[in-house]
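# Summary of structural features
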Amino acid sequence: MDINERICSLLSQVCEDVFYVHKPDGYEVDKYMTFNFTINGFWNSDNISEMDKYYITVNFLTKNQMELNPMIEKLKSIIRNEEMCYGFQNRGTTYIKDSLEFFNASTFYMLVENEKEVVENPIEPTE
């Protein structure tokens, strides 16, 4: 399962419509999530790259203001209960007049195990 599928699977527990980066044009829906990510580090041990650390930004958009807090709390709960996720932060909400939508941004980290590969130039410890 690639990283997009992992994130979509996680976020679909909160919202049915989840999209990578942007909602497709012409797709009509009153609430949805978009996400993007960066690889923000890695974890090596015994010269083997074991995990990548992803910094994930989730944007929740809705036309109904009353859906904001329940969705944020549900996302927070899922992140806290997911073994490989941590560091949830609600970055705030704003209103977009052009689209008549409320926009909330949140971030969290996800550790993803990668295939075992030997690190070519391991750093030797200094004395």
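Look above for the structure.
Residues numbered from 1 in each chain as written. Predicted model: local features only at pLDDT ≥ 70, side-chain atom pairs only at ≥ 80, totals over all residues. Heavy atoms only, no water.

### Describing the environment of phenylalanine 108
Test applied: Secondary structure is summarised from DSSP: a helix means a run of H or I of at least four residues, a strand means a run of E of at least two, and numbering begins at the N terminus for each. By definition, residues are in contact when any of their heavy atoms lie within 4.5 Å.
Here phenylalanine 108 shows up in strand S5 (residues 101-113). A C-alpha to C-alpha distance of 9.9 Å links phenylalanine 108 and arginine 80, two positions 28 residues apart in sequence. The contacts of phenylalanine 108, once residues within four sequence positions are left out, are Leu10, Tyr54, Tyr55, Ile56, Val58, Ile79, Cys85, Tyr86, Gly87 and Phe88.

### Considerations on the layout of surface pockets
Inclusion rule: Buried and open spaces are told apart on a 1 Å grid over the protein atoms alone, a cavity being a set of points where a 1.4 Å probe fits but cannot get out and a pocket being an open set with protein on both sides within 12 Å along at least five of seven lines. Residues with an atom within 4 Å of a point are the lining residues. Grid points are joined across faces, edges and corners, and a volume is the space filled by probe spheres set on the points.
Each pocket or cavity is described by its volume, and for the largest pocket that value is around 160 Å³. Arg6, Ser9, Leu10, Gln13, Glu82, Met84, Cys85, Met110, Leu111, Val112 and Glu113 are the residues that line the largest pocket. Counting residues per element, the ones that place at least two in the lining of the largest pocket are helix H1 (3-11) and S5. Among the elements that line the lining of the largest pocket, the one with the most residues is S5, at 4 residues.

### Section: the nonpolar core
Let me state the cut-off plainly: The criterion is simple. A nonpolar core is a set of buried Ala, Val, Leu, Ile, Met, Phe, Trp, Tyr and Cys residues joined through side-chain atoms within 4.5 Å. Buried means the residue's accessible area, taken with a 1.4 Å probe over protein chains only, is under 20% of the maximum for its type, while exposed means over 50%, and partly exposed covers the values in between.
Leu11, Met33, Ile56, Leu75, Phe108 and Met110 are the most contacted members of the largest nonpolar core, which has 25 residues in total. At the level of secondary structure, the elements contributing two or more residues to this core comprise H1, strand S2 (31-45), strand S3 (48-62), helix H2 (68-81), strand S4 (85-96) and S5. When residues of this core are assigned to their parent elements, the largest contribution, 6 residues, is made by H2.

### Description of empty space enclosed by the protein
The condition is simple: Residues are grouped as follows: nonpolar covers Ala, Val, Leu, Ile, Met, Phe, Trp, Tyr, Cys and Pro; charged covers Asp, Glu, Lys and Arg; every other residue, Gly included, is treated as polar.
Across all of its chains, the model carries 1 cavity of 30 Å³ or more by this definition. Looking at the largest cavity, its volume works out to about 40 Å³. Lining the largest cavity are Met33, Val58, Phe60, Met71, Ile72, Leu75, Asn104 and Ser106. Take the lining of the largest cavity: its biggest share by element is 3 residues, from H2. Residues belonging to the lining of the largest cavity are distributed by class as follows: 6 nonpolar, 2 polar and no charged.

### Some details on the side chain of asparagine 104
Our working definition: Pairs of N or O atoms are called polar contacts if they sit within 3.5 Å, as long as, within protein, a hydrogen donor faces a hydrogen acceptor (for residues adjacent in sequence, only side-chain-to-side-chain pairs).
Its location among the elements puts asparagine 104 in strand S5. By relative accessible area, asparagine 104 is classed as buried at 2%. Of the polar contacts made by the side chain of asparagine 104, one reaches the backbone oxygen of glycine 92; its length is 3.1 Å. Not counting the four nearest positions on each side in its chain, asparagine 104 is found in contact with Val58, Asn59, Phe60, Leu68, Ile72, Asn90, Gly92 and Thr93.

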